[in-house]
Amino acid sequence: MQPSLPSHHPLLGPDTAILAAQQQSASASFFHNQRTNTAHQDANSNAVLAPASGAMPFTVAPPQAHAPFDAGALAFDAAITNAPPGAPNKHTTYPYVTGTSVLAIKYKDGIMMAADTLGAYGATKRYKSISRIVPAAPTTLVGAGGEISDFQYISKLLTELNDNDVIRDDGVVLKPREVFAYLQRVMYNRRNKFDPLWNSLVVGGVDQATGEAFLGTCSMIGVSYTDSHVATGFGNHLARPLFRNEQRDDMTEQEARALLEKALRVCYYRDKNSINKFVIGTVTKESGMKVSEPFSLSTEWGYDAFVHPTKHALGSW
Amino acid sequence: MSSVGAGYDLSSTTFSPDGRVFQVEYAQKAVDNSGTVLGLRVRDGVVLAIEKPVISKLAVPGANRRILSADRSVGMAGAGLAADCRMVVNRARGECQNYKHFYGSAMPTEVLAERIASYVHLFTLYWSVRPCGASTLVAGCDQSGGERTPQLYLVEPNGVVQRFYGTALGKARQSAKSEIEKLDLSSMSAKEAVKAAAKIIYQVHDESKDKQFELEMTWIAPETDYEHRRVPADMLAEAEAEAKAAIEAMDE
């Protein structure tokens, strides 16, 4: 028997495409319609908010020629591109290419930071060699989750900060704590403009003078704290419980690395927006700053819980 | 009115009848009275050196620097009014940062030198400002592919920019220049140039006028990864010792 062609959206399933489109256009109709209608009018006209001739302000937008693949995202893009002058900014209110968790712990000699190298476009594993751990100052590493382009901008800010410091040549170098304070201000300032940088940042390093290790994290709205171990995103839920049990500030390098690899493995098993390609960065007083070449971890997918994920989970299907 | 030009030297916006702008020439005089400044462009780098008179015995050694960085690999040595030098360097820093921010790569030295020249030139065009009393040597190292090209430019108060293998400014510029002419710059390494520069500075120093001076020296070299850095203290001390020894040998 020939399989019949599906009458519904091939990816979203029966009725979902149409429903999603209708819901979106209904909920967005008030602002969205007015914007799209007025966008073609003279921008100087005083009647900017009046609907175009014949169109009722609350009518649903006419169906488009092509069924939208992701109606929500398209409506969102349209709201940005058709916004009238003076409307609130909508750019960077929605991350596009994102990185997932960054994990970091203190150990005997300094700090160790780990992340995978994926830049995910939604759920698509789009860019697989993105460096999300970068040197920010002579003994400071910054790692980032969240929007990659925003992180590239932050990296640029940090490069300029460090260049200016080098040029000054006064024998005073930026300490990790200072880089952290700077980033806190940048993140909080941008959220106050309602234009946040969509990142969770981890700052780690060693004070060259005292040898003291520093580890801190800052969220996209400027919430920040320092601790002996930090993690962003999923890592907060998956890795930090492990860190709480096992991390000590006097760990050896081998122990610290083993713990980070364990945490990376746990994150990789459970976070679908991650790949098995990681880098580990270290900062120590003795040997300075290093970011490793990318490597992958051995994995074992034969566990019963992986093979039968719903077996012991009551209520799932 | 004793001469043709008399009365035409108060404004930088008025030519004298024989076609000169005296205020700009006076600015050049301020530069010519400065401590000697030296720039050598050699095979694999650039060396900048300054004879800096000690203004007070209470001054902190090494303070009040006259050679500053405009970018990681751009050094600027100023002759003339220190404050004017600083103003020019600050402008150059802004230009470099802006260029890097916009184009994503370091500013070519030639572009920088021309921008500085345009900036300095502006001060010769308006009655409301006085010309810049500083000449700057701009040392850089351009990278294209794997190739590094050392560069040395001179920007003068009148807005002229020139490219050099080696040049000197300030009090003893004439004798310093004739010493530089004796060097084989195109085959010399930056390391050798450091010693040569120290020797020239000590040689042209006029003992009768300024008793004490400090030798300030920076370089761009393979040893600094082609970034603009101060010559390390031990290397500077060695170069100074050799320079002094050479002078003494010559006197005998």
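Scope of this entry: the structure provided in the associated data block. (Residues numbered from 1 in each chain as written. Chains lettered and ligands numbered in written order. Predicted model: local features only at pLDDT ≥ 70, side-chain atom pairs only at ≥ 80, totals over all residues. Heavy atoms only, no water.)

### Thoughts on the nonpolar core
So the rule is basically this: Among the buried residues, those of types Ala, Val, Leu, Ile, Met, Phe, Trp, Tyr and Cys that are joined through side-chain atoms within 4.5 Å form a nonpolar core. Throughout this description, buried means an accessible area under 20% of the type-specific maximum (1.4 Å probe, protein chains only), exposed means over 50%, and partly exposed covers the range between. In DSSP terms, a helix is any run of H or I states spanning at least four residues, a strand is any run of E spanning at least two, and both are numbered starting from the N terminus.
The biggest cluster of nonpolar side chains holds 32 residues, and the ones touching the most others in it are B:Leu38, B:Val194, B:Leu215, B:Met217 and B:Trp219. Of the residues forming this core, the biggest block, 10 residues, is contributed by helix H5 (residues 190–204) of chain B. A:Tyr107, A:Ala256, A:Tyr268 and A:Phe278 belong to the second largest nonpolar core, which has 22 residues in total.

### Thoughts on the packing of aromatic side chains
Test applied: Only Phe, Tyr and Trp rings take part, Trp by its six-membered ring, and two of them pair if their centres are within 6.5 Å. Stacked means planes under 30 degrees apart, edge-to-face means over 60, and tilted covers everything else.
Enumeration according to the criterion identifies 14 aromatic pairs over all chains in this entry. Aromatic side chains A:Phe278 and A:Phe295 sit 6.2 Å apart centroid to centroid with 45 degrees between the ring planes, which places their arrangement in the tilted category. Remark: A:Phe295 occurs in the loop between strand E13 (288–291) and helix H8 (304–307) and A:Phe278 occurs in strand E12 (residues 278–284); sequence separation between them is 17 residues. Residue A:Phe295 is classed as buried on the basis of its relative accessible area, which comes to 16%. Aromatic side chains B:Tyr119 and B:Phe123 sit 5.3 Å apart centroid to centroid with 80 degrees between the ring planes, which places their arrangement in the edge-to-face category. A relative accessible area of 16% means that B:Phe123 is categorised as buried.

### Observations concerning the sheet that holds strand E11 (residues 229–231) of chain A
All names here are of chain A. Note the cut-off: We treat two strands as partners when DSSP finds at least two bridges between them. The axes used here are C-alpha line fits, helices contributing only the stretch in contact, and every angle between their N-to-C directions lies in the interval 0 to 180 degrees. Note on definitions: a residue-residue contact is assigned when non-hydrogen atoms from the two residues lie within 4.5 Å.
In spatial order, the strands read E11-E2-E3-E12-E13; together these five strands make up an open sheet with antiparallel pairing. The strands lining the two open edges of the sheet, one partner per strand, are E11 and E13. Strand after strand, the sheet turns through a mean of 10 degrees between neighbouring axes, direction not considered. Of the strands in this sheet, strand E2 (102–107), strand E3 (110–116) and E12 touch helix H7 (residues 253–270), which is tilted by about 160 degrees from E2.

### Describing the interface of chain B and chain A
The cut-off we apply is this: A simple way to read buried area is as the amount of 1.4 Å-probe accessible surface that goes missing from two parts once joined, with both sides added. Pairs of N or O atoms within 3.5 Å make up the polar contacts considered here, provided that, within protein, one atom can donate a hydrogen while the other can accept it, and that residues adjacent in sequence are counted only when both atoms are side-chain atoms. Throughout this entry, Asp, Glu, Lys and Arg are counted as charged residues, while Ala, Val, Leu, Ile, Met, Phe, Trp, Tyr, Cys and Pro are counted as nonpolar. The remaining residues, Gly among them, count as polar.
Contacts between the two partners involve 11 residues from chain B, matched on the other side by nine residues from chain A. The three residues of chain B that bury the most area against chain A are B:Arg72, B:Gln97 and B:His101, which together make up 53% of that side's buried surface. There are seven residue pairs in polar contact (both at pLDDT 80 or more) connecting chain B and chain A. Elements supplying a minimum of two residues to the side of chain B that touches chain A: strand E3 (67–71), helix H2 (82–103) and strand E10 (228–230) of chain B. For the side of chain B that touches chain A, the class distribution of residues is one nonpolar, three polar and seven charged.

Nothing here speaks to function; it is all geometry.
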